[in-house]
Each structure stands twice: as C-alpha cells, then as structure tokens.
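Fold and geometry: a report
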Amino acid sequence: DQRLFHAIFEDIASIQHPSMPTRDALTKVVWSSIVMLPDVNAMMWRESKDMAIHEEARRVCAQIRIAAFVRKILQCVKFKDTKHSAITIAKHVRRFLSRLFVAKILNALKDDEEYQQRVKCATVLQQEWRRFFWRNRFLCHQERVRAERRKHILITHAKLKEERERKLASVVYRDVIRIDETLAVVTIYLQDDAKLRDDASMLLAVYVPTTKRTFSFKLAEKDVRECLEKALSSEGKLSWDEMLSERALKELPKRLILRLVRNQPIFIFSRRHLVEKGILVDKRLVRADGEIFILSTFRSPHDFVFKTYQPCKCLHMRTKLTMSKLIEWIHDSKGDGDNQQNDSQVSILHPKRQPDLLEWLIKRVLIRKNPSDATMMILLQFEAEEERVLKLVIKVQSQWRRLRSFRHAKSETMHQYEKIFDRENQIYAYRNMLTDQRQKDKPKLLGEDELENPVDEWRKEETYDATTGQTIHYYANYATGQSSWLSEEEAARLVQRRYRSKHESDLIGKKITFADVVKAMQFINGARMKYEQDPTKLSNIVNYAILSHCLDLNFDAARSIYERAVKLSPNHPLISRVYAIFLLASRQAPHTTTFQTACQLLHDADVADRNQTMIKSAAEIYFRWAVLVDARNPLTLLNYALLHQCVYKNYDHAEKLYRAALALDQTNTLVVENYRLFSDERYPGGVYESCGPPFSVVQRSNVVEERLDWAEWRKMIDPLCPKKGFEVFWFNRFTKMTRFTEPDWELVWESRLKRSKWIDGKTTAQSEFYDERTKSSFFYNTYTQQYSSLPL
C-alpha cells in the first residue's frame, strides 16, 4: 500500500532527523539512502536524459511552428496585396468598359433633340443660378461691410462726442480779444476735483492764430477772487456763481500783457493790483442811454485808456487804444473828408494839440448796451465798425452754411428716397428707405431734380408687424410694383416642387391616401411575417417573391422564390404575370428565349384572367407603392413600366416611365435593354404593335410633306428608325396622334366639317367653311360630296 509505505518513510525520517521539518527530513533520507543506489541513480540519469530530449524536442517544434506562422503571415500579406491589385485592375477595367458604354449611349443621345434642349436648359439654369447665388452672396457681403462701417463710425462719433462734451462742459468763458493789433482767443476752464493741482481752480488758455501757439495760466482761487473783487469794486467776498458770471470773467483777460520777443507775441498774465498806467489827462461826465457815467482818460507813452464809472450801479468799464492803432485809425479815416480836414487830423497827433486829440477821441467813445446780455459796455468807434462788419460776415457765413446745408439735405434726400411703381394707380410714387413710408408727391427738398427710375430686380425688405411685434421679411420689385413673401430661390423651388409633383402624378397616377398607406404597410409587414412562419404556403411564397422583386429589389432571392411558386402553380394568372415581368426586368440569358417565355406566360394569363382582377391588388400594393417609396430608383420605375407595358397595354405611359428611369441613370443596363426591346417591338409586326411611333420619335423626326388638303396631318420621316420600311409616318400636330398608315381622309373631312363654321354658299351647291383649328378655309360640294381646299 502506497500510503503505508509513505508513513514508514516519514517515521524513518523523523527518527534520523528529529530537529528538521518532516518534508525536509524525508527529502534528505530519500537522497541519502535511495537515490545514491546504483540502479536508482542509473534510472534517474536515464529519466533526466529523456526529459532533456523531450524539452529540446518541444523547443525545436516551437521554433518550427513560429517559423511556419511567420511564413503564413507573409503569405497572407502577399495574397492580400495580390488580391487588392487584382480588384483594382478589375475595377479600372470595369470603369473603362462602363465609360466606353456611356460614351456610346451619349453619342446616340446627342442626336436626340429633346436631350439637346434639356442640356441647353440645364446649362442656362445653372448659369442663372450661379449668377444669382454669387450676386446674393456679394450683396450680403456688401451689407455686412456697410453695417460694420456704420457701427465703427457710430462708436467713433460717440467717443468724439463724449470727449467734446466733457471738454465743453468745463468751459466757463470764451471770447476773442485784440491786444496791440494781435488777435487772440481766450478760453477759461473750470478745473474739476480730479484735475486740481497746487490749488489751481481755473485754467486760462490764450490761443494766438498767427503763430498757432497757446499760452496757459493756472489761477488759484485766491488770485481769481482778489482780481475779480477789485475789478468789480465788490465790498464783500464774491460767491462762485458771481465769479463765474460772464460780467466777472470778462475782467480776467484784461490782465493779459503782450510782449514781442523776436517779433513773436508772448502773453503774460499780470497778477499785480489793477492800477491804470499813465497820466490822468481828462475826467468828465457823459450821458448815454439816459444814464450818467464818469469818463476818465489816461495817457501813457504807448496807449490811451478810457475808463468809466457808473455811480448808481458802481459799475466799472474800461477799454484801451494803443498808439499804433490810433495812428492807423487816423490814417484810415482820411477818406471821410477833404484834404484840408485830413491834414488837420494828421497834425492832431502833435503834442501841442493834445486837447484837440482828446476831444476827437472822446467824441468817438461809445457807451451802449450789450445786445447779448443787455449790460452796459464801452467801445471805440472803429470797434463798433468792426463789430458791424463782423455781424455782416457772420450773416454771409450763415447764408452760405444754409445753402450748403440745403445741398447736403438734398443729397441725403436723394439717397434716402427711391422711386417705385404703384400698380394700383399706375403711377410712380416715392418711398422712404429708412421708414418705409410711401407718398405720391415728390419730396420738396428735391426741387426740380428727379430720382432715377427703379431697377427691375427683386429685393429683400422687412416690415414691422404691430400685432405680433415681430419683424417680417418680404420681397419686392419696385420697377413693376410687385411684392411676394417668397424669394426668387424659394419661388423657383416651389415651381420645381409643383412640376415634380405634376410629373410624379403623370407617372404614378392619382395621389395615394393615408388609408392606402396603412393598408399597404400592413400587407407588406404581414407578407414578411407569414413567409417566416410558413414558407411552404403558396400565397406566402407569391407575396414574398413580389416583395423581394419590387420593394427589396433583390433579384437573386426573388428568382429562386418565383421558381418555387411556378412549380407549385404553373398556370396561376397572377404568378404568370409577375414572373413574366420579373423575367423581362432581370434580362436572364438567353434573352430571346427569356422574352418568348415571358410572352407565353402573359398570353396564358390573359386567357385565364381577361379582366386582370387578380393582379390589381398586387399592382397597387407592390409595384405602385415601390415607386412612391423610392421614386429615384430606376429599377422601381422599370418594374412599373413593365406592368403598364405587359399587363395594362398602356404603351404611351410605359414610354414615359422608361424615359423617367433613363433620366435617373442612363447607364443602367436593365433599363436600357428593356427600353430598346420595347421600342423595337412597337413597330408593326412586333409584340407591342402600335398604330404609330411614340412622341419621342416625333421630336427627333423631320417633316417630309405638308398639304392644305391634309389639314393638321403631316408626313414625317425618322432618320434613326431601327426598322427598315417604317421611317415614314403620319403625325397630327393638334391631337399628337401618329400613324404608320395613311389617315382615313373621309373621316378627317367629316370631323373638319363638324367643327368648322359656314361662311358662304347657301344658294349654290358649293359651300365655303372656315376651320378655326387650322385657321384656313375649305369648300364642300353638296351634290358630289367632295371636299377641297380650293374652289371646285
């Protein structure tokens, strides 16, 4: 027993090595007593060799498998590259072949007049659309640039206005003075708390236009108060309101002193007490405006100073006349009298004639009220004359500014108003582009000028709806007076949508209702579920086959399902018809045998079901529904065209469906081959024989002959006719009917006689009739019953 043997060895190990763990003692006993035996040692060496050989073998096998895996990866990469190359080559070959096929079809279609007209129309539409798109984009860009420019101008104007208002708000006094023939502009600013420095409460700025220099003087409140109190002879302290009055501030420029340094005027503000310089040469009472004034005259080597005092109001007034200005004044007054008087005026400057000079000057001192503020003022006669001239200049300037403002207003009016056409009154009116107000009368500012006539174009406008409080956009053509809620692009899209709707209704028929949609969806979903539940039932097989054929367009799956249905019921009319349509649509090889088989199936179905009652529901639910769901797929239009071609025998409608499918994809082989077969079989002797060629053939044909006796009928020739002997056909230009055989002229004349109006010939056998349709006359003989376009 192995467990007993193991227990004995554990006992031996514990006896020989009592201090060691049982496992270590057992290992030491085995190696010292058993392994060192020759037989056991030889056996262990053999086992070690075998284990080493096995390990080496596994290592070599692993190397071989790794090498094989690497070779596999390399071979897979090489195979994928080869496969990709083959696929690319095949793709380019198919592309080349398809290009050749497309080029062949396009060369055939180039001769089609309808195709050429369509290409021309498409080119013109694309050009107009691109012109409209880029023009609209350019106008939007222009409007955006104008808006940004207006916004920038408004911001700049607001900043300048704020700065100007802030600067003007601090101006308390401004006046133009003349000191020793030097003109200067004096401005006094009242410093605010943020700009007060060194107790300076006022800033007096003197601008000299001749040198374009400005002299600034900071005035402390103490200096301003002292100067004004002495100038105004105030008994107490002046308040700020009194110091900021115009009467008080006029005294500050009087402290300005002019010095000439290198012929450049320099202004200095005198902070000394106001004491007149020179000698008092005269003092007298004068009367002006019913008031009494004391006039004092001071003379210095450089000037005369005239100072007045009004006792009743304690009012001081002062003016100064320099010697240079006095000499100029005397010389300028030479033209006022004769030469003897002029000589006496020149000699009056002599020092010995000072009393005469004083009398001459005092007579020319004027004391009057100031027109602006009704206060008294003193000035000399030449200053009054200069003031009068200045008023005349100001009046002329105001008239000029008025004229310029009128011209500017007229220009703005011409830019603000535009001329529009009023369709209701059939006259031109005027519209304000800013307020959208309209008036019949021309704006008065335009005068005799007239605005340009409006341009014939549609523009986007906006108006405010007071009821909703929203801005509404609309489009207007002011040259025609028309307006619309739709833009040119939206109107074009609406027309295109209506055209597509009309085109689809011509192809599909009446519009489908919601009940029909629900019925079709329930039937289609039920067909899928029933086929999954019971794929052996004939009705489930037929419905699922038509579903795969018409809706899923999975021809491979539909082929096997159709074959199962045909085997179960080979003579069923519905199965025969839909399977024949599938054979024609899929174009199975050989094509001739497939076409004959389809024709036989259709013939058998017509014999069994002449009223086509069994295919009506399938045609409505599957074929028509497929076109409604996926009208842009040429295969759905092909199936619907084959239904009208093979079942309903409506060849004209089938022609429209074929051409719609070709318009979607001109390279689809199934559509092209079926249309070619359908066109070839429409000639006499074909399966789909018609009395005449389709209208598409008429469009590419030429007129061979026209006669008056033929009325609306023409003989035409088709240069691309695939059937020899049928190139010539007859075409009715009013009813659009075509015939390969000559019309029955007796019936033609009888129909003309019924619709025509009698003109003349009641008393004779020959009567004349007028045909409104052909706009021509013809004659009818009641005896011989003959018709003719010319008198018989």
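Structural data are supplied above this passage.
Residues numbered from 1 in each chain as written. Predicted model: local features only at pLDDT ≥ 70, side-chain atom pairs only at ≥ 80, totals over all residues. Heavy atoms only, no water.

Counted under the stated rule, the structure contains 30 aromatic pairs. Seen in terms of ring centroids, W329 and F382 are 5.0 Å apart; in terms of plane orientation they differ by 55°. Their pairing is tilted. With a gap of 53 residues between them, W329 in helix α8 (residues 323–332) and F382 in helix α11 (residues 381–416) connect regions that are remote in the sequence. Here W329 matches F382 in class, with each residue buried. Put simply, the rings of Y651, Y658, Y675, F678 and Y688 touch in pairs and so form one group of aromatic residues. The aromatic ring of Y428 is capped on one face by K419, whose charged end is 4.8 Å from the ring centroid. (Phe/Tyr/Trp six-rings, centres within 6.5 Å; stacked < 30°, edge-to-face > 60°. Helix = DSSP H or I, 4+ residues; strand = E, 2+ residues; numbered from the N terminus. Buried < 20%, exposed > 50% of the residue type's maximum accessible area, 1.4 Å probe, protein only. Lys NZ or Arg CZ within 6 Å of the ring centre and 35° of its normal.)

The next thing to look at is unusual backbone geometry. The amide bond that connects A589 to the next residue, P590, takes the cis arrangement and shows omega of -5°. Summarising the element assignment, P590 is placed in the loop between α16 (573–586) and α17 (591–608). Even without being glycine, N263 reaches a positive phi, approximately 60°. You can see N263 is positioned in the loop between β5 (256–261) and β6 (264–269). Taking relative accessible area as the criterion, N263 reaches 70% and is therefore assigned exposed.

Within the largest apolar cluster, 62 residues are counted, with the highest numbers of intra-cluster contacts made by I546, Y562, Y622, F623 and L643. Among the elements that take part in this core, α16 stands out by supplying ten residues, more than any other. The residues contacting I546, other than those within four sequence positions of it, are L551, Y562, V578, A618, Y622 and F623. Judged by nonpolar contacts, the second largest core, of 26 residues, contains Y173, I179, V186 and F215. (Core = buried A, V, L, I, M, F, W, Y, C linked by side-chain atoms within 4.5 Å. Contact = heavy atoms within 4.5 Å.)

Taken N-terminus to C-terminus, the directions of α8 and helix α10 (residues 354–363) make an angle of 80°; their axes are 13 Å apart at the nearest point. Here α8 is positioned roughly perpendicular relative to α10, judged by the angle of their axes. For the pair α8 and α10, contact is made by L326, W329 and I330 and by L357, W360 and L361, respectively. For the contact of α8 with α10, the class distribution of residues is six nonpolar, no polar and no charged. (Axes fitted to C-alpha atoms, helices over the stretch in contact; angles between N-to-C directions. Parallel < 35°, antiparallel > 145°, perpendicular 65-115°, else oblique. Nonpolar A, V, L, I, M, F, W, Y, C, P; charged D, E, K, R; others polar.)

What follows concerns a positive patch on the surface. Taken together, the side chains of K91, R94, R95 and R99 present a region of like positive charge at the surface. Structurally, the position occupied by R95 is in helix α3 (residues 38–109). Given the relative accessible area of 38%, R95 is considered partly exposed. (Patch = residues over 30% accessible without salt bridge, like charges linked within 9 Å, V, L, I, M, F, W, Y side chains within 5 Å. Areas by Shrake-Rupley, 256 points an atom, 1.4 Å probe, with all protein chains shown as cover. Salt bridge = Lys/Arg side-chain N within 4 Å of Asp/Glu carboxyl O. Lys, Arg positive; Asp, Glu negative; His and termini not counted. Charge placed at Lys NZ, Arg CZ, Asp CG, Glu CD.)

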